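Architecture and fold: a report
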Amino acid sequence: MSESPDPYAVHSLVETPGCSPVEGAVRWDPVHSLWNGTMLLLTLSLGPLLFSWGAFLLFLIMTGAGLLLGHSVGFHRLVIHGSFRAPLWLEHVLVWFGTIVGMSGPFWMIRTHDLRDWAQRHPDCHDYLAHRQPMIVDAWWQIHCRLVLDRPPAFDLGRIGRDRFYRFLERTWMAQQLPIAALLFLIGGWGWVIWGVCARISASVTGHWFIGHLAHRRGPQSWLVEGAGVQAHDVPWAAIPTMGEAWHNNHHAFPGSARIGLYPGQSDWGFVFIRLLERAGLAWNVRTPETLPLRAALIPVPADQGARIVSTAAGSISG
């Protein structure tokens with residue numbers, strides 16, 4: 001899938017005759033709901049009782065490392081969008097980090113992302129895929145439910161789907177927390193387990209939904225994608241905790257770019273890390289808007305609407 005030469009493609013999704021992103025039903029997802037609910041319950045009930053500054057520092061470091069190495073760089077920019085290439089051993093390490101963030105296994109993450117990406121490019125799609133419902137409803141849907149489309153597309157994960165290590169991670173994504181919890185218990189006791197596992201997972205899952213909700217509802221825009229029923233927005237205050245992912249309007253405009261924070265002042269730690277890998281010879285074919293082909297569907301947002309204008313529709317990004 002990430003081998004696709006088209007940087008704007010939804011790589012794993014295969015459109016089947018008559019498939020539609022509109023009609024469908026939201027159903028309770030017991031696996032993810034019970035997992036997410038248990039992590040949150042343990043965090044809220046035991047986190048305050050077992051709080052220490054050491055445990056809280058551990059929470060910050062582990063959450064940041066997982067979101068940077070795994071969720072942003074490993075899952076999103078590498079295996080989902082193929083915005084750069086890396087040795088297979090390093091790809092495996094980064095995807096493992098993405099798995100221990102605790103949202104789900106790699107196959108579920110890829111399919112969930114690509115279904116939403118595909119749907120939002122259509123003139124219309126189901127409210128679940130557009131984050132169109134009020135916040136409390138959208139939170140329940142995204143964290144505890146799944147969408148069953150009446151006429152869904154198919155998926156072909158290609159090399160990723162055939163990889164034995166990724167198949168192992170997909171089967172054991174929850175169990176991957178057990179050796180981490182055991183190590184943390186030996187070092188710091190139950191406080192480190194609650195803050196280093198439960199609180200970390202709860203913050204990642206809830207934050208992922210919250211930023212995703214805001215990024216499709218309100219905020220600054222530099223670009224519109226012609227024909228797309230769902231447009232993206234930037235969430236500037238979340239740039240650092242999301243490792244640059246919160247510049248979501250930029251990402252919708254240039255989904256194949258390894259660089260998401262495009263303009264001066266737009267923090268993008270994920271891209272900084274990729275550049276470090278490139279300098280070390282561990283990343284190559286790093287795509288940025290300057291190297292991407294023209295995308296005719298891009299429409300700059302006029303400056304009088306408070307957005308930045310870039311000189312071309314494809315990639316004269318500077319700074």
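Note that the coordinates shown come from a computational prediction; the quantities given were computed from them, not determined experimentally. (Residues numbered from 1 in each chain as written. Predicted model: local features only at pLDDT ≥ 70, side-chain atom pairs only at ≥ 80, totals over all residues. Heavy atoms only, no water.)

**What to know about the layout of surface pockets**
- As a volume, the second largest pocket reaches approximately 300 Å³.
- Surrounding the second largest pocket, 15 residues form its lining, Arg111, Thr112, Leu115, Arg146 and Leu147 being those nearest its centre.
- For the lining of the second largest pocket, the secondary structure elements donating two or more residues are helix H4 (106-120), helix H5 (127-130) and strand S3 (145-149).
- Tallying contributions element by element places H4 first for the lining of the second largest pocket, with 6 residues. (1 Å grid on protein atoms, 1.4 Å probe; cavity = no way out; pocket = protein on both sides within 12 Å on 5 of 7 lines; lining within 4 Å. Points joined across faces, edges and corners; volume = space filled by probe spheres on them. Helix = DSSP H or I, 4+ residues; strand = E, 2+ residues; numbered from the N terminus.)

**Regarding the UniProt feature "transmembrane region" (unreviewed entry) in the chain**
- Using the residue numbers shown here, the UniProt feature "transmembrane region" (unreviewed entry) corresponds to residues 49-69, 89-110 and 178-198.
- Taken as a whole, residues 49-69 contains 81% helix and 0% strand, while its terminal C-alpha atoms sit 30 Å from one another. (UniProt positions renumbered as here; feature names shortened; annotations may be inferred.)

**Let's talk about the nonpolar core**
- One finds Val79, Phe84, Tyr166 and Val286 to be the most contacted residues of the largest nonpolar core, which totals 50 residues.
- At 11 residues, the largest contribution of residues to this core is made by helix H2 (residues 53-80).
- In contact with Val286, not counting residues within four places along its chain, are Ser83, Phe84, Ala258, Phe271, Ile274, Arg275, Glu278 and Thr291.
- Among the nonpolar cores identified, the runner-up in size contains 15 residues, and Leu115, Cys125, Ala130 and Val230 belong to it. (Core = buried A, V, L, I, M, F, W, Y, C linked by side-chain atoms within 4.5 Å. Buried < 20%, exposed > 50% of the residue type's maximum accessible area, 1.4 Å probe, protein only. Contact = heavy atoms within 4.5 Å.)

**Considering the packing of aromatic side chains**
- Enumeration over the complete set of coordinates arrives at 15 aromatic pairs.
- On the basis of an interplanar angle of 50° and a centroid distance of 6.0 Å, the ring pair of Phe51 and Phe56 is categorised as tilted.
- What makes Phe51 partly exposed here is its relative accessible area of 36%.
- Ring geometry for Trp223 and Phe254: centres 5.7 Å apart, planes at 85°, overall edge-to-face. With Trp223 in strand S5 (residues 223-225) and Phe254 in the loop between helix H11 (248-253) and helix H12 (269-279), this pair connects stretches of sequence that are 31 residues apart.
- Residue class for Trp223 comes out buried when judged on its relative accessible area of 1%.
- With relative accessibility at 2%, the residue Phe254 sits in the buried group. (Phe/Tyr/Trp six-rings, centres within 6.5 Å; stacked < 30°, edge-to-face > 60°.)

**Topic: helix H10 (residues 190-215)**
- Taking 1.5 Å per residue as the helical rise, H10 with its 26 residues ought to reach 38 Å, and the 36 Å between its terminal C-alpha atoms agrees with that figure.
- The largest bend in H10 amounts to roughly 30° and is located at Ala199.
- Burial runs high along H10: 19 of the 26 residues are buried. (Expected span 1.5 Å × (residues − 1). Bend = angle between axes of the 7 residues up to and from the residue.)

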